[in-house]
Amino acid sequence: MKNTIIKTKYLLILSIIIFSLNGCTKDITDINEDPLAVTTVPPYLLFPEVIVNMSSQRVIEFAGSNMHAQQWAGSGGTWRSRSRYTLGVPSVNNAWTNWYTTCLKNLSLVELLVEKDYPDDIYIVAQAKILEGFIYSNITQVWGEVPFTQAGNPAEYPYPVFDSQETVMEGIVTLMDEAIAILEQDVDSNIVDDLIFEGDKAAWIRWANSLKLKMLMFMANKKPSEVSSRLQEVANSALIFTNEQEAKLQYSSEIGNENPKYTFINNFWGGNINLWYAGSPLVNLMNDLDDPRRATYFDQNTNGVYVGLVQGFTGVAFASKINVNNILADTPDRYSTASETYFLLADAAANEYISGGLAQANTWFLEGVTLALDYFDGSLGEISQTDKDTYIASLPDLSTLTKEEALDYINDQHYIALFGNGIEAWNLWKRTKSVDFDVPNLSGATDIIRRYTYSSNEAAANINIPTEVTIEDPMWFEK
């Protein structure tokens, strides 16, 4: 294999400018040619912009999804509005436009550039396919039916159709299969030394399999018999199994490279988390379990206990704030984690989508909890080994429970472990309904939010955009 190409160290590279200086010519036709025009771009130079833009939307534009997951609660301003399902047109438009016209468009360009100028570098195409699949997984989890099969080709499809969520999820699985097939080839190909895995081919394969596992588990809610064999196959594949292997964008304390949420609270709140409080469903669950991560996630209130805030309420005198250590300059955007892998496998085994039954589910369940607790080792939220051992010993043996009881424990622990990962926690609830959510106070809603409204920019430009879709309409994958 060729050497990996480009080690990108700085997240502040948000755009690439390449100057191509042409020699002088006496031909008068050159008078209308821009001597500084970009004529070609090496495909690997597009990856930093895609990854940084993709994550910035997840971290700050979709910070409100932490409220939709009812793990956080906003007590005022924009964040109370998010708690009450007032989404904010700019955030919706920004995320939709950025993911489609910046991220996905550039990934399509990567594949075209490789085909045209670097045909031997097929590993780069595989990386682009995996990123594309991950972005689409976020888009469909937020909006449901979205352009997929006709997206990114305005010349042929100026008004792309909105594909069903089933079509999009199946398409993501296909992208993962295509990428894995490429990466498993032993060929002389460059690979991008990227911001996620630093050009580690095996790590990209693990991530692709882990994304495939997640999409198949969503689909299993609706067509279990059709995806069971595929789930069994991916369960036997290389997956993200350790905290060191997780897919994430690691921010840093270097100026310009900080976590966008950290930058936000420093620019507007002087570094204090004055409007983000603990959500009551999560706090209540963790209090019932005497979960040692409470001190990591939240501050105690003035009475020295952990109390959550019901979405939409403003009385915060006795509520617990989100612990500021969860929003540091170097706090990563975590895409796929090891604990998530094990909880999904435990879920699949308990549901008998794959072999092993409740006994195997229990093994994977305990591994998921252990990894979730160990994640904070060496950080300001580190949990003592004694507390870890006590907590794990308090959990039941799932093989002694009914299927429904076992699934409740698995999905509750999965939900707790996804703290701060709003999109994932919100969609876990849609898939499992394992935690009881509250309809927010003064929201005007009659049910829990399931999706975002479509971008007004898209509505103005695309005659095929669905109409009469509300934020309370369930996703296709929900039971």
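Residues numbered from 1 in each chain as written. Predicted model: local features only at pLDDT ≥ 70, side-chain atom pairs only at ≥ 80, totals over all residues. Heavy atoms only, no water.

Caption draft 1: Representation of the overall build of the protein. When its secondary structure is counted, the protein shows 17 helices and 6 strands. Taking 23 Å as the expected radius of gyration for a compact globule of 479 residues, we find that the protein reaches 23 Å, a close match to that expectation. Along the first, second and third principal axes, the C-alpha set of the protein runs to 80 × 50 × 45 Å. Look at the contacts in the protein between residues 6 or more apart in sequence, and 74% of them connect residues 24 or more apart. Of the roughly 19900 Å² of accessible surface on the protein, a fraction of 51% belongs to carbon and sulfur atoms. (Helix = DSSP H or I, 4+ residues; strand = E, 2+ residues; numbered from the N terminus. Rg over C-alpha atoms; globule rule 2.2 N^0.38 Å. Contact = heavy atoms within 4.5 Å. Areas by Shrake-Rupley, 256 points an atom, 1.4 Å probe, with all protein chains shown as cover.)

Caption draft 2: Representation of the environment of Tyr-375 within the structure. With respect to the helices and strands, Tyr-375 occurs in the loop between α13 (357-374) and α14 (385-394). The sequence separation of Tyr-375 and Ser-339 amounts to 36 residues, and the corresponding C-alpha distance is 9.0 Å. With sequence-adjacent residues up to four places away left out, Tyr-375 is seen in contact with Asn-243, Glu-246, Pro-332 and Arg-334.

Caption draft 3: View of the nonpolar core. One finds Leu-131, Trp-143, Trp-207, Leu-231, Trp-276 and Phe-298 to be the most contacted residues of the largest nonpolar core, which totals 146 residues. Ignoring sequence-local partners within four residues, the contact set of Leu-131 consists of Phe-47, Val-50, Ile-51, Met-54, Leu-107, Ile-196, Trp-204 and Trp-207. (Core = buried A, V, L, I, M, F, W, Y, C linked by side-chain atoms within 4.5 Å. Buried < 20%, exposed > 50% of the residue type's maximum accessible area, 1.4 Å probe, protein only.)

Caption draft 4: Region of interest: the packing of helix α7 (residues 201-220) against helix α8 (residues 224-235). Closest axis-to-axis distance for the α7/α8 pair is 9 Å, and the angle between their directions is 160°. On the basis of the axis angle, α7 is roughly antiparallel to α8. Along this stretch, α7 crosses α8, giving a crossing that reads as left-handed. When α7 is examined against α8, the residues Asn-209, Lys-212, Leu-213, Leu-216, Met-217, Met-219 and Ala-220 are found in contact with a partner set consisting of Pro-224, Val-227, Arg-230, Leu-231 and Val-234. Residue classes in the contact of α7 with α8 are distributed as 9 nonpolar, 1 polar and 2 charged. (Axes fitted to C-alpha atoms, helices over the stretch in contact; angles between N-to-C directions. Parallel < 35°, antiparallel > 145°, perpendicular 65-115°, else oblique. Left-handed = near helix turned anticlockwise from the far one by under 90°. Nonpolar A, V, L, I, M, F, W, Y, C, P; charged D, E, K, R; others polar.)

Caption draft 5: Highlighting the packing of aromatic side chains. Applying the stated rule across the entire model yields 34 aromatic pairs. Geometrically, the ring pair formed by Trp-96 and Trp-143 is edge-to-face, given 4.9 Å between the ring centres and 90° between the ring planes. Of this pair, Trp-96 sits in helix α4 (residues 89-117) while Trp-143 sits in helix α5 (residues 122-143), and the two are 47 residues apart along the sequence. Residue classification places Trp-143 among the buried positions, given a relative accessible area of 1%. Above the plane of the ring of Tyr-375 lies Arg-334, whose end atom (NZ or CZ) is 3.4 Å from the centre. Over the ring of Trp-426 we find Lys-430; its NZ or CZ atom is 3.8 Å from the centre of that ring. (Phe/Tyr/Trp six-rings, centres within 6.5 Å; stacked < 30°, edge-to-face > 60°. Lys NZ or Arg CZ within 6 Å of the ring centre and 35° of its normal.)

Caption draft 6: α4, seen in detail. The first and last C-alpha atoms of α4 sit 40 Å apart over 29 residues, in line with the 42 Å expected at 1.5 Å per residue. Of all the bends in α4, the greatest, near 30°, is centred on Asn-98. (Expected span 1.5 Å × (residues − 1). Bend = angle between axes of the 7 residues up to and from the residue.)

Caption draft 7: Summary view of the side chain of Ser-320. By the secondary structure assignment, Ser-320 is in the loop between α11 (294-297) and β6 (333-336). Polar contacts involving the side chain of Ser-320 include one to the main-chain carbonyl oxygen of Asp-299, which spans 3.0 Å. Sequence-distant contacts of Ser-320, that is, excluding residues within four places in its chain, are made with Tyr-277, Ala-278, Phe-298, Asp-299, Gln-300, Asn-301, Val-305, Tyr-306 and Val-307. (Polar contact = N/O pair within 3.5 Å; in protein donor to acceptor, adjacent residues only side chain to side chain.)

Caption draft 8: Region of the structure containing unusual backbone geometry. For Gln-70, which is not a glycine, the phi torsion comes out positive at approximately 55°. Within the secondary structure, Gln-70 sits in the loop between α2 (65-68) and β1 (72-74). In this structure Gln-70 comes out as buried when scored by relative accessible area, which is 1%.

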